[in-house]
Amino acid sequence: MQRCHLLAGMSDVAAPSAKMASGQTGAMDSQQSAAMIRLQGVVKRYRKTTALRGVDLTVARGQLFGLIGPDGAGKSSLMHIVAGVLAQDAGEVVVNGVAIRDERSAEAVKAQLGLMPQGLGLNLYPTLSVEENLRFFADLHAIPPEVVSQRIEQLLAMTQMSRFRDRRMQHLSGGMKQKLGLMCTLIHEPQLIILDEPTTGVDPISRQAFWELLNQLVRERALTALVSTAYMDEAARFDTLALMHDGLILEQGPPDSLAAGQAATVLWFSAAARDTLRPCLQDFSAMRLRMEAGQLRAWLPQTQREALVQKLDSPPVRETPPTLEDLFMAAVGAPHDLTFDWAPPPPASAPVEIRADGLVRRFGDFTAVDHVSLQVRAGEIFGLLGANGAGKSTLIRMLTGILLPTAGSGEVAGQPLGKAARQVRQRIGYMSQQFSLYPQLSVLENLRLFGRIYGLRRRQLQQRIEWGLDWTGLVTDKNEAAGRLPLGKRQRLALLAAILHEPEVLFLDEPTSGVDPLGRQQFWGLLHTLVRKEGVALLVTTHAMNEAENCHNLALMRQGRVVASGSPRQLRSTVRSRFGEVYALRVDDTARALATLRQRGWLAFAQGREVHVFVAGDDASLGRLKAQLDEAGCVISAIERVEPTMEEVFVSMIEGTA
Amino acid sequence: MNLRHIRALALKESREILRDRIYLALAFLVPVLMMVVLGHGLVLEVRHVPMAVWNQDKGPLSRDFVDRFRLSEYFDYRGELTGDQAVEQALKRGDVRFVLIVPPHFSERLSRGLTAPVQTLIDGQFTYHARVASGYVQAITARFNQDRIQDWLVRREGLPPQRVQQQLSPVKLEVRYLYNQALKSEWSIAPGLIMLIMLMAPALLTALGVVREKESGSIFNFYASNVRRVDFLIGKLLPYVAISAINLLVLTAMALWVYGAPFKGSASVYAVASLLYIFAAGGIGLLVSVLVRSQAAAALITMLGTMIPGFMFSGLMMPISAMSPEAQREAHLFPAMHDLEVVWGVFLKGQGWDFLWPQVALIGLYAVVVLTLAWVLFHKRVKR
């Protein structure tokens, strides 16, 4: 009884404001009122840079709208302008029927709007408990006291956070911080929520849960969500998305039609086919080549597919539809040949350069790294995956000798950890998470400084720098101040600085975080040549799951522990043998389908409007699945077998075994 | 004004402060520490100057002469030295800052009615201290000379000593110091420091409190809500005013009982003026926080912006009337000058409302102006 009353009360609260909003701009036509956000020619300049160069954007009501783009694309500026907390320099901004022109008109949209700024939990108050945080946001939005408690209960139940209501925000895990941030954004039941990179730095499981929750909210509450992400592989999660780069929206539309709109296909070949395919670029000038997952990947217009296949002696290994990343590459005018010499996995005889044996590191009563064991051979790229706070950086800092382990042992470049630190340091390179070069110094000055720190002789250093500038393509930038380089080049410079002294072991901590797809591809190309030509042992951390494919071996860390490890192929086949193949289902009601499947014990995830489900066994089990969905009243419009993404691999390994 | 918003903000802020140990320490320990450190460091009296003597005479007169220095509270006798080298080393090492050298035959020459030279070596690094110390030396020497003349006259003329004294110094100087009869510099310094600290601490805390949210991004919670600017500023300011009010009581207690200052005037004037002054100081902090984005910049600007007026333009180090005309005009721009007048007025001069109301009004006006300025400059829809 009380619950019904509550719900009725809530819609009462929302209704008058909606009326008010539409009343303010009486002259609106119906088409405009259908849009939650409408931007026209929006320009935003900062002192030295231009963040937005004339953005047009329309977001329809009730949509999960994605803004995808690398760091510095202008996503945050755009979201802040829409939220009315940042003034645009030019252009029209209409949100929820209100034209935002000044501080006063911005106030009119804020009652119906929730903003979650960038940075995991950074807008929350660390020393306040979960409930105190929620109550504070409720007070900020002047929610009637009689509904506050019930609304908090509802949100806590929905996010499964009820148990943690009294826990201080600073003691929450990344995923829980993210949920709390979302709850605080939802507490006043806004019609529009704006989430700035909510999934950055969150582990795959929490990420999966987050997207499902968001989907559910958008569907059930007719909420409009504007969500930004730096990960291209999250594209499929949105109803509509806009691809941003350098202050402009390059492409905009539903993910399917954007990908299909390329009228292209992707053919995969073995890495060895590189020599035969590169000359083909002369005849097939539209073709784009790059490396992924140890294979050569050729994107080309559908119309030229037959011609290419006929010209080649060996047929492609497989064929997939083009992705958003392909669209990005085309839109920014990336070079057509982005292939590189893929480093094969090292032979089993290769010496082990990095060995960790039950490494533990505690800070007070907090265990940052919990009995981690791994080994990396010369010529191997080892990927350490995990969210912020999973313990990756702490592990690297122990292996580089910066931090002493609490327990366990290890060996780097033939020396035991904690001993002969100086000798070891001459033989390892380390590129830290923060940009550790001097932004005011030029590229050349930085390199000279780092070379001298490592004790290189003048002539030797000169040779290394010449070689390195050429190798990284930074020759023309050598006199530019390091701080003024674009992020992709800055990271290449940092890599170069870390390998000037020709180390045998290289540690890279989040080297590609925030770098655009083109920059990533180029960076990984450098890593592969380095490993192949110099036989370096390379340990790299990332929280982008799609980069996992570039590594020979992987370990996924969660809360200080390694929860899964092996080569990408091994992990895939383990998942296949344990949980079956992945099928993508198109259904009319994603939430119901998901709930039904989970109830029946299937391992299923939401992927935008699709449901991905692991189906073990033969066609019979697929039939059983269809029947069960049918029974629940779900209409399946399409069903297709797909490759599991690395994210799905990890989520299934953890959830499926738990 | 929306009381719910203000209450929520103030409550949240207080919780954060109380649960963050470092911030809590900053809020309550720093003012006390400043009072202790500056209170002892700023004492302007020169006493207990470490000294040594190289007495090459050893006669009765030289011993009398040296004893006058040894027994003086202005000097701290550290021992006897012998030889130029020992003297030089003691001064160089900084063991002593003053050395008295009595040459041989001092007593003999004086007894024979001749003059006797005496050398004093004073460390001139601290010019003020050196000058004061040299004044003490001259005074002690003059006194010694006068006693010698007195002795001589008594012996030669057979007059009673009292008579001789009257004849020697016919003008009797009667000095009475008002408001701080004993000229104890602590009495003036301690209340003066309250003025200084109550300007710096509230400004610093408030500025950091706001800029912290700018750095983390939680300021967007207000930007994106319908909380009014004035409510935000008040809600943010109130906890720091409360903390500062507690600090005010602590510092006042320290001035009274640690430094022994008297409190002769109106407590109500002191309370009202101090509270307004805290608001003004907090307002300065808010103003700074509106203009800058990082905690480091906020701390630096607030420190400079409060320390300079607090020290230089308040009258604490130098009377306003002794400043150049420009400096005097600048002094009037800061509330520090008026608060110092109030503080010294109530502690030392025993003044009340009748005398101090203009100062209190000016402090209040200052608070209103600064807070209004902060409000005008604070925007929820920012430019960058």
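As annotated in an unreviewed UniProt entry, chain B is ABC-2 type transport system permease protein/ribosome-dependent ATPase from Sulfurivirga caldicuralii. Recorded under Subcellular location (unreviewed entry), the UniProt text for chain B is reproduced unchanged: "Cell membrane". Regarding chain B, the relevant UniProt record gives this comment under Sequence similarities (unreviewed entry): "Belongs to the ABC-2 integral membrane protein family."

Chain A goes by ABC-2 type transport system ATP-binding protein in an unreviewed UniProt entry, where it is assigned to Sulfurivirga caldicuralii.

## Things to note about the overall build of chain A
Looking only at helices and strands, one finds 22 helices and 29 strands in chain A. Here chain A has a C-alpha radius of gyration of 26 Å; the compact-globule value for 658 residues is 26 Å, and the two agree. Along the longest, intermediate and shortest principal axes, the C-alpha atoms of chain A span 75 × 60 × 50 Å. Evaluated residue by residue, chain A yields a buried proportion of 56% over its 658 residues.

## A short note on the domain arrangement of chain A
Where interface size is quoted, it is often the accessible area lost as the parts come together. Residue and element names in this part refer to chain A. Along its sequence, chain A is carved into domain 1 (2–257), domain 2 (263–321), domain 3 (352–566) and domain 4 (579–657). Taking only C-alpha atoms, the centre of domain 3 and the centre of domain 4 are 38 Å apart. Domain 3 puts 9 residues into the contact, and the matching count from domain 4 is 5 residues. Summed over both sides, the interface of domain 3 with domain 4 buries roughly 620 Å², with 87% coming from carbon and sulfur. When the area that domain 3 buries against domain 4 is broken down by residue, the three leading residues are M545, L556 and A564, summing to 53%. Where domain 3 packs against domain 4, one counts 0 salt bridges. Counting every contact that joins domain 3 to domain 4 gives 0 residue pairs in polar contact (both at pLDDT 80 or more). Examining the composition of the side of domain 3 that touches domain 4, we find that 3 residues originate from one element, strand β24 (residues 553–558), more than from any other. Split by residue class, the side of domain 3 that touches domain 4 holds 7 nonpolar, no polar and 2 charged.

## Describing the UniProt feature "transmembrane region" (unreviewed entry) in chain B
Here the UniProt feature "transmembrane region" (unreviewed entry) sits at residues 21–43, 189–211, 237–259, 271–292, 299–320 and 356–378 of chain B. With 96% helix and 0% strand, the stretch residues 356–378 of chain B has end C-alpha atoms that lie 33 Å from each other.

## Looking at the UniProt feature "domain: ABC transporter" (unreviewed entry) in chain A
Sites flagged by UniProt as "domain: ABC transporter" (unreviewed entry) map to residues 37–271 and 354–584 of chain A. Helix and strand shares over residues 37–271 of chain A are 33% and 28% respectively, and the end C-alpha atoms of the span are 45 Å apart.

## Here's the deal with the domain arrangement of chain B
Looking at chain B, the domain boundaries give domain 1 (3–42 + 181–377) and domain 2 (49–168). A separation of 49 Å is found between the C-alpha centroids of domain 1 of chain B and domain 2 of chain B.

## Quick look at unusual backbone geometry
Even without being a glycine, N96(A) presents a positive backbone phi close to 55°. Of note, N96(A) is situated in the loop between β4 (90–95) and β5 (98–99). The exposure class assigned to N96(A) is buried, which follows from its relative accessible area of 8%. Not every positive phi belongs to a glycine, and H105(B) is a case in point at roughly 65°.

## Points about the interface of chain A and chain B
Across the boundary between the two partners, chain A contributes 40 residues, which contact 28 residues of chain B. Across the interface of chain A and chain B, roughly 2,900 Å² is buried in total on both sides, 52% from carbon and sulfur atoms. At the boundary of chain A with chain B, the tally comes to 4 salt bridges. Here E132(A) makes a salt bridge to R19(B), at a shortest N to O gap of 2.6 Å. Listed by contribution, the elements that provide at least two residues to the side of chain A that touches chain B are α4 (103–110), β6 (113–116), α5 (130–140) and α6 (145–158) of chain A. Looking at the side of chain A that touches chain B residue by residue, the class counts come to 23 nonpolar, 7 polar and 10 charged.

## Describing the sheet that holds strand β1 (residues 49–55) of chain B
All names here are of chain B. Taken together, 4 strands build an open sheet; the order of strands is β2-β1-β3-β4 and the sheet is mixed. Two strands in the sheet have a free side with no partner beyond their single neighbour: β2 (75–80) and β4 (119–122). Across the sheet, the mean angle separating the axes of adjacent strands is 25° when strand polarity is ignored. Here strand β3 (residues 98–102) pairs with β4 via 4 bridges, running antiparallel. Within β4, the position partnered with I101 by the bridge is Q119. Those strands touched by helix α3 (residues 60–70) are β1, β2 and β3, and its axis lies near 170° from that of β3.

## Regarding the packing of aromatic side chains
Per the stated rule, a full pass over the model turns up 25 aromatic pairs over all chains. Residues F136(A) and F222(B) carry aromatic rings whose centres are separated by 6.3 Å and whose planes lie at 80° to one another, so their mutual orientation is edge-to-face. Taken as a pair, F136(A) in helix α5 and F222(B) in helix α9 (residues 220–223) lie in two separate chains rather than in one. As far as burial versus exposure is concerned, F136(A) and F222(B) are alike and both buried. Among the aromatic residues, those joined into a cluster by ring pairs are Y125(A), F136(A), F137(A), F220(B), F222(B), Y223(B), F232(B) and F378(B). Of note, R70(B) hangs over the ring of Y77(B), and the distance from its end group to the ring centre comes to 4.3 Å. In this structure, R212(B) packs its charged tip against the face of Y23(B), placed 4.2 Å from the ring centre.

## Here we look at α4(A)
Along α4(A), the positions that sit buried rather than exposed are S105(A), A106(A), V109(A) and K110(A). Viewed along the axis of α4(A), the buried residues span an arc of 155°, placing them on a single side of the element. Looking at the packing, one finds that the buried side of α4(A) touches β4, β5 and β6 of chain A together with α9 of chain B.

## Description of the pattern of salt bridges
Residue and element names in this part refer to chain A. Under the criterion given, the structure shown has 59 salt bridges over all chains. Here R221 and E189 are joined by a salt bridge, their closest N and O atoms 3.6 Å apart. With R221 in the loop between α8 (204–220) and β8 (224–229) and E189 in the loop between α7 (174–186) and β7 (192–195), this pair connects stretches of sequence that are 32 residues apart. Judged by relative accessible area, R221 falls into the partly exposed class, the value being 32%.

## Considering a positive patch on the surface
Among the surface-exposed residues, R47(A), K48(A), R293(B) and R384(B) lie close enough to one another that they form a single positively charged patch. With respect to the helices and strands, R293(B) occurs in the loop between α11 (267–291) and α12 (295–312).

## Concerning the environment of R641(A)
All names here are of chain A. In this structure, R641 sits in strand β29 (residues 636–642). Under the relative-accessibility criterion, R641 is labelled exposed at 53%. Along the backbone, R641 and R167 are 474 residues apart, and their C-alpha atoms lie at a distance of 43 Å. When sequence neighbours within four positions are dropped, the list of residues in contact with R641 reads E581, V582 and Y583.

## A closer look at the packing of helix α15 (residues 443–453) of chain A against helix α17 (residues 487–499) of chain A
Residues and elements named next belong to chain A. Direction vectors running N to C along α15 and α17 enclose 25°, while the axes themselves pass 9 Å from each other. The angle between α15 and α17 falls in the class roughly parallel. Crossing of α15 over α17 shows right-handed handedness. Across from V443, L447 and F450 in α15, the residues of α17 making contact are L493, L496 and A497. Within the contact of α15 with α17, the residues separate by chemical class into 6 nonpolar, no polar and no charged.

## As for a nonpolar patch on the surface
On the surface, L300(B), I301(B), L304(B), I308(B), M312(B), M317(B) and M318(B) cluster together into a nonpolar patch covering about 670 Å² of accessible area. Within the element layout of this structure, I301(B) appears in helix α12.

## Notes on the confidence of the model for chain A
Across chain A, the average pLDDT comes to 88, with 94% of residues at or above 70. Note that residues 1–32 of chain A has pLDDT below 50 and, in this model, 22 contacts with residues that lie over four places away or in other chains.

What counts, and where the lines are drawn
- Residues numbered from 1 in each chain as written.
- Chains lettered and ligands numbered in written order.
- Predicted model: local features only at pLDDT ≥ 70, side-chain atom pairs only at ≥ 80, totals over all residues.
- Heavy atoms only, no water.
- UniProt positions renumbered as here; feature names shortened; annotations may be inferred.
- Helix = DSSP H or I, 4+ residues; strand = E, 2+ residues; numbered from the N terminus.
- Rg over C-alpha atoms; globule rule 2.2 N^0.38 Å.
- Buried < 20%, exposed > 50% of the residue type's maximum accessible area, 1.4 Å probe, protein only.
- Domains from an automatic or database assignment.
- Contact = heavy atoms within 4.5 Å.
- Buried area = accessible area lost by both parts, 1.4 Å probe.
- Salt bridge = Lys/Arg side-chain N within 4 Å of Asp/Glu carboxyl O.
- Polar contact = N/O pair within 3.5 Å; in protein donor to acceptor, adjacent residues only side chain to side chain.
- Nonpolar A, V, L, I, M, F, W, Y, C, P; charged D, E, K, R; others polar.
- Pairing = 2+ DSSP bridges.
- Axes fitted to C-alpha atoms, helices over the stretch in contact; angles between N-to-C directions.
- Phe/Tyr/Trp six-rings, centres within 6.5 Å; stacked < 30°, edge-to-face > 60°.
- Lys NZ or Arg CZ within 6 Å of the ring centre and 35° of its normal.
- Arc of directions from axis to C-beta.
- Patch = residues over 30% accessible without salt bridge, like charges linked within 9 Å, V, L, I, M, F, W, Y side chains within 5 Å.
- Areas by Shrake-Rupley, 256 points an atom, 1.4 Å probe, with all protein chains shown as cover.
- Lys, Arg positive; Asp, Glu negative; His and termini not counted.
- Charge placed at Lys NZ, Arg CZ, Asp CG, Glu CD.
- Parallel < 35°, antiparallel > 145°, perpendicular 65-115°, else oblique.
- Left-handed = near helix turned anticlockwise from the far one by under 90°.
- pLDDT = per-residue confidence, 0-100.

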